[in-house]
Amino acid sequence: MYPVELTIPMSKDLTNYGFESLNTASEVDAALGQEEGTALLVVNSVCGCAAANARPGAKLAAQHEHKPDRLYTVFAGVDREATAQAREHLLPYPPSSPSIALFKDGKLVHFLERHHIEGRPAEVIAQNLKMAFDRYCA
């Protein structure tokens, strides 16, 4: 577990942009289990690929004409309970942080694992997400 004080700026990078931080299992279930609408979940991390690729890519994509109804984040290594519950919603994919998931009507419909994020520019990640938004959020 990381000290919360260390990760506050990394969390704020998304929450200041309109992402809601989910801190408990019940918050995750309520957010991701909604049977109507779309939701984007960023599993945040302290690693460099979260800072350089995942968070900027998610924020760029959230500016797209078609975008999810709701934006959420959990922080791996900080929000242990919430992250564990989020990973239940991300099955059958193995734990991956950072990662970015799109849900529609309570079902996982698009997922970027760490290996899709690491080493790719934020613009490429955003473009991938925008294509998913066009398909599921239009």
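Parameters and conventions
Residues numbered from 1 in each chain as written. Predicted model: local features only at pLDDT ≥ 70, side-chain atom pairs only at ≥ 80, totals over all residues. Heavy atoms only, no water. Helix = DSSP H or I, 4+ residues; strand = E, 2+ residues; numbered from the N terminus. Rg over C-alpha atoms; globule rule 2.2 N^0.38 Å. Buried < 20%, exposed > 50% of the residue type's maximum accessible area, 1.4 Å probe, protein only. Contact = heavy atoms within 4.5 Å. Areas by Shrake-Rupley, 256 points an atom, 1.4 Å probe, with all protein chains shown as cover. Lys, Arg positive; Asp, Glu negative; His and termini not counted. Charge placed at Lys NZ, Arg CZ, Asp CG, Glu CD. Salt bridge = Lys/Arg side-chain N within 4 Å of Asp/Glu carboxyl O. Phe/Tyr/Trp six-rings, centres within 6.5 Å; stacked < 30°, edge-to-face > 60°. Lys NZ or Arg CZ within 6 Å of the ring centre and 35° of its normal. Core = buried A, V, L, I, M, F, W, Y, C linked by side-chain atoms within 4.5 Å. Pairing = 2+ DSSP bridges. Axes fitted to C-alpha atoms, helices over the stretch in contact; angles between N-to-C directions.

S.K.: I keep staring at the overall build of the protein and nothing clicks. Help me out?
M.R.: Scanning the protein from terminus to terminus reveals six helices and five strands. Taking 138 residues into account, the globule formula puts the C-alpha radius of gyration at 14 Å, and the protein, at 13 Å, falls close to it. On the principal axes, the C-alpha backbone points of the protein span a range of 40 × 30 × 30 Å. In the protein, which comprises 138 residues, the proportion classed as buried is 46%. In the protein, once contacts between residues fewer than 6 apart in sequence are set aside, the share between residues at least 24 apart is 74%. Only carbon and sulfur atoms are counted for the fraction: they give 50% of the accessible area of the protein, which is about 6,700 Å². Charge separation in the protein, taken as the distance between the mean sites of 13 positive and 17 negative side-chain charges, equals 5 Å.

S.K.: Looking at this structure, how should I read the pattern of salt bridges?
M.R.: Pairs can form between side chains of opposite charge once their charged atoms are near each other. Enumeration over the complete set of coordinates arrives at three salt bridges. In this structure, aspartate 13 and lysine 59 form a salt bridge, with 2.5 Å as the shortest nitrogen-oxygen distance. Linking aspartate 13 in helix α1 (residues 4–15) with lysine 59 in helix α3 (residues 48–61), this pair joins segments that are 46 residues apart in sequence. Here lysine 59 falls in the buried class, since its relative accessible area comes to 18%. For arginine 114, the salt bridge goes to glutamate 118, with nearest N and O atoms at 3.2 Å. Taken together, the salt bridges that share partners define one network made up of Asp13, Arg55 and Lys59.

S.K.: Would you take a moment to explain the packing of aromatic side chains for this structure?
M.R.: The relative placement of two aromatic rings is captured by the distance of their centres and the angle of their planes. What the rule picks out here adds up to one aromatic pair. Taking the centre distance of 4.6 Å and the plane angle of 45 degrees together, the rings of tyrosine 93 and phenylalanine 111 count as tilted. Remark: phenylalanine 111 occurs in strand β5 (residues 107–112) and tyrosine 93 occurs in the loop between α4 (80–89) and β4 (99–104); sequence separation between them is 18 residues. By relative accessible area, which is 8% here, phenylalanine 111 ends up buried. Residue placement shows lysine 59 over the ring face of tyrosine 17; its charged tip is 5.7 Å from the ring centre.

S.K.: Would you mind showing me how to read the nonpolar core here?
M.R.: In globular proteins that are soluble, nonpolar side chains generally tend to be buried together. Within the largest apolar cluster, 20 residues are counted, with the highest numbers of intra-cluster contacts made by Phe19, Leu40, Ile100, Leu102, Leu129 and Phe133. By residue number, the principal contributor to this core is helix α6 (residues 122–136), which donates six residues. Within the second largest apolar cluster, 16 residues are counted, among which are Val28, Ala31, Leu32 and Val43.

S.K.: Is there a simple way to explain the sheet that holds β5 in this structure?
M.R.: Adjacent strands of a sheet form backbone hydrogen bonds with each other and so pair up, either parallel or antiparallel. Spatially, β1-β3-β2-β4-β5 is the arrangement adopted by the five strands of the open sheet, whose pairing is mixed. Each edge of the open sheet carries a strand with a single partner, namely β1 (20–21) and β5. Where strand β2 (residues 38–44) and β4 come together, six bridges link them in antiparallel fashion. When the sheet's bridge partners are listed, valine 42 is paired in β4 with isoleucine 100. The sheet contacts of α4 involve β2, β3 (70–75), β4 and β5, and relative to β3 the element is tilted by about 125 degrees. Contacts from α6 reach β2, β4 and β5, with the element oriented near 160 degrees to β5.

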